[in-house]
Amino acid sequence: VLTGNWSNDLLLLMKASHNAGLKVHFGTTSLDQPGNIGNAGDAAEGSYVAQTYNTAAAEPATLEFSQAYKTATGNFPVYVEPQTIFAMEMLGSALSATTPVNNALLVKNLAENLEKASIQSPLGTITVRKDDHQAVFPMVVSVVSRDAKYKVDGTDLGFKPVRIFTAEEAAVPAQATCKMQRP
């Protein structure tokens, strides 16, 4: 079952399905939200999450990033935490390339420099597509498994990588109807 549900709605759906005896697995983008696996328990096993990061996906690069993050925050990065770091790095790159005009930041110049920005994440290159300003980044599909290297929420379950997609493989073309108006 592919679902856009997240947080309590996702957990209630998974638990109700499990308690009803349905033999289904879920595909989500939110299953790695802190607390979800601890709350869902066995109902989550075998379900999938597609996300921009997984510590076990491309070690040692991912482990180095995760250890640095844990040193700063107390936990390994999960859910939207890695993409937040990567987004801030992209913005920093664009800001560094943007020269103030009369001591003011021109948003048009910043946007143009964001289109040229590129950073290296532990999983690969991240860019912003000029056509529609969508971030283009690698994706990891992981399954909830007892065989996962890194357990979550104090359980014996974690997210075991199944496949890593490059940014190019994960990208969906800009919609033909997207006609971004530029100043």
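J.: Residues and numbers for the overall build of the protein, please.
T.: Helix and strand counts for the protein come out as six helices and seven strands. Each helix (α) and strand (β) of the protein, taken in turn from the N terminus, gives the series α-β-α-β-α-α-α-β-β-β-β-β-α. In terms of overall dimensions, the protein has a C-alpha envelope of 65 × 40 × 25 Å along the principal axes. Residues counted as buried form 36% of the 183 residues belonging to the protein. Taking contacts inside the protein between residues at least 6 apart in sequence as the whole, the part at least 24 apart equals 52%. Surface accessibility of the protein: about 10500 Å² in total, with carbon and sulfur atoms responsible for 56%. Seen as two clouds, the 14 positive and the 17 negative side-chain charges of the protein have centres 4 Å apart.

J.: Could you give me a rundown of the sheet that holds strand β2 (residues 48–51), with the residues and numbers involved?
T.: On the basis of which strands lie adjacent, the open sheet formed by four strands has the order β1-β2-β6-β7 and mixed pairing. Edge strands, defined here as strands with exactly one partner in the open sheet, are β1 (27–28) and β7 (158–165). Looking at chain direction, β2 and strand β6 (residues 139–145) are connected through four bridges and run antiparallel. Within β6, the position partnered with valine 49 by the bridge is serine 142.

J.: Tell me about the sheet that holds strand β4 (residues 124–128), residues and numbers included.
T.: What links the strands of a sheet is backbone hydrogen bonding, and the strands pair in either a parallel or an antiparallel sense. With antiparallel pairing, the three strands of this open sheet are ordered in space as β3-β4-β5. One side of each edge strand has no neighbouring strand; the edge strands of this open sheet are β3 (118–121) and β5 (135–136). Here helix α4 (residues 81–96) sits on the sheet and contacts β3 and β4; the angle it forms with β3, its principal contact strand, is near 150°.

J.: Before we move on, could you go through unusual backbone geometry and cite the residues and values that matter?
T.: Most peptide bonds take the trans form, and the phi angle of most residues other than glycine is negative. Glutamate 59 connects to proline 60 through a cis peptide bond whose omega is 10°. Mapped onto the secondary structure, proline 60 falls in the loop between β2 and α3 (61–73). Even without glycine at this site, tyrosine 79 takes up a positive phi of about 55°. Locating tyrosine 79 in the fold gives a position in the loop between α3 and α4.

About the cut-offs
- Numbering of residues starts from 1 in each chain and follows the order in which that chain's sequence is written.
- In keeping with the model being predicted, local features are shown solely for residues with a pLDDT of at least 70 and side-chain atom pairs are shown and tallied solely at 80 or more, while totals for entire chains, interfaces and linings include all residues.
- Hydrogens are left out, water is left out, and the side-chain values use all remaining heavy atoms of the structure.
- What counts as a helix is a DSSP run of H or I of at least four residues, what counts as a strand is a run of E of at least two, and both are numbered from the N terminus.
- Burial here depends on accessible area, computed with a 1.4 Å probe over protein chains only, as a share of the maximum for the residue type. Under 20% is buried, over 50% is exposed, and the range in between is partly exposed.
- Here a residue-residue contact requires only that any non-hydrogen atoms of the pair lie within 4.5 Å.
- Each accessible area value is a Shrake-Rupley result obtained with a 1.4 Å probe; residue values ignore everything except the protein chains displayed when judging cover.
- We treat Lys and Arg as the positive residues and Asp and Glu as the negative residues; His and chain ends play no part in the count.
- The location of each charge is read from NZ of Lys, CZ of Arg, CG of Asp or CD of Glu.
- For two strands to be treated as a pair, DSSP must find no fewer than two bridges joining them.
- Angles shown run from 0 to 180 degrees and are taken between the N-to-C directions of axes, each axis being a line fitted to C-alpha atoms and, for helices, limited to the stretch in contact.

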